[in-house]
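Each chain is listed here by its residues.
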Amino acid sequence: YMVGRDRSICDIPAYHPSLSEQHAIICYRLVHYKVQDDNGLSVSKRKLRPYIMDLESTNGTKVNERRIPPARYYELHHKDSIQFGSS
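Calculation notes
Residues numbered from 1 in each chain as written. Predicted model: local features only at pLDDT ≥ 70, side-chain atom pairs only at ≥ 80, totals over all residues. Heavy atoms only, no water. Phe/Tyr/Trp six-rings, centres within 6.5 Å; stacked < 30°, edge-to-face > 60°. Helix = DSSP H or I, 4+ residues; strand = E, 2+ residues; numbered from the N terminus. Lys NZ or Arg CZ within 6 Å of the ring centre and 35° of its normal. Buried < 20%, exposed > 50% of the residue type's maximum accessible area, 1.4 Å probe, protein only. Pairing = 2+ DSSP bridges.

J.: I'm lost on the packing of aromatic side chains in this one. Help?
T.: Aromatic ring pairs are reported here in terms of the distance separating the ring centres and the angle at which the planes meet. Evaluation of the coordinates by the stated rule reveals one aromatic pair. Between the aromatic rings of Y51 and Y73, the centroid separation amounts to 6.1 Å while the plane-to-plane angle is 85 degrees, which identifies the pairing as edge-to-face. Pair noted here: Y51 is in strand β4 (residues 42–54) and Y73 is in the loop between β6 (66–67) and β7 (74–75), with a separation of 22 residues, a long-range link. When the ring centre of Y73 is taken as reference, the NZ or CZ atom of R29 above it lies at 4.2 Å.

Structure (structure tokens):
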């Protein structure tokens, strides 16, 4: 899902002046991991995990009051708070 001020392209339009036209995306990525079963054998598992990416916006994106690096996937966790720009 794209967040930003550009209504023609953004899935989640936001109108705060500190947001860029295409500010950030929220998406799901398939993550592979391994666990041991009851017999001690390694079993491959998959899980969809939520991520956010700042699209090199002027005023940045924060998760839990910490600015995240632009153009990199940042994993989101239950009860994380997200701030776009200075909104």
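J.: It is not clear to me how unusual backbone geometry should be interpreted in this structure. Could you clarify?
T.: Note on backbone geometry: most residues besides glycine have negative phi, and most peptide bonds are trans. You will see that E56, though not glycine, has its phi angle at about 55 degrees, which is positive. Relative to the assigned elements, E56 resides in the loop between β4 and β5 (61–63). The phi angle at E65 is positive, at roughly 70 degrees, despite the residue not being glycine. Within the element layout of this structure, E65 appears in the loop between β5 and β6. Residue classification places E65 among the exposed residues on the basis of a relative accessible area of 71%.

J.: What exactly am I supposed to notice about the pairing of β4 here?
T.: In regular strands, side chains alternate between the two faces of the sheet. Judged from the 13 bridges that link them, strand β3 (residues 24–36) and β4 form a sheet pairing that is antiparallel. Paired with Q36 across the strands is S42, a residue of β4. Linking β3 to β4, which pair antiparallel, is a turn of five residues; within it G40 sits at a positive phi near 80 degrees. Pairing analysis gives two bridges linking β4 to β7, with the strands arranged antiparallel. Bridged to I52 within β7 is Y74.

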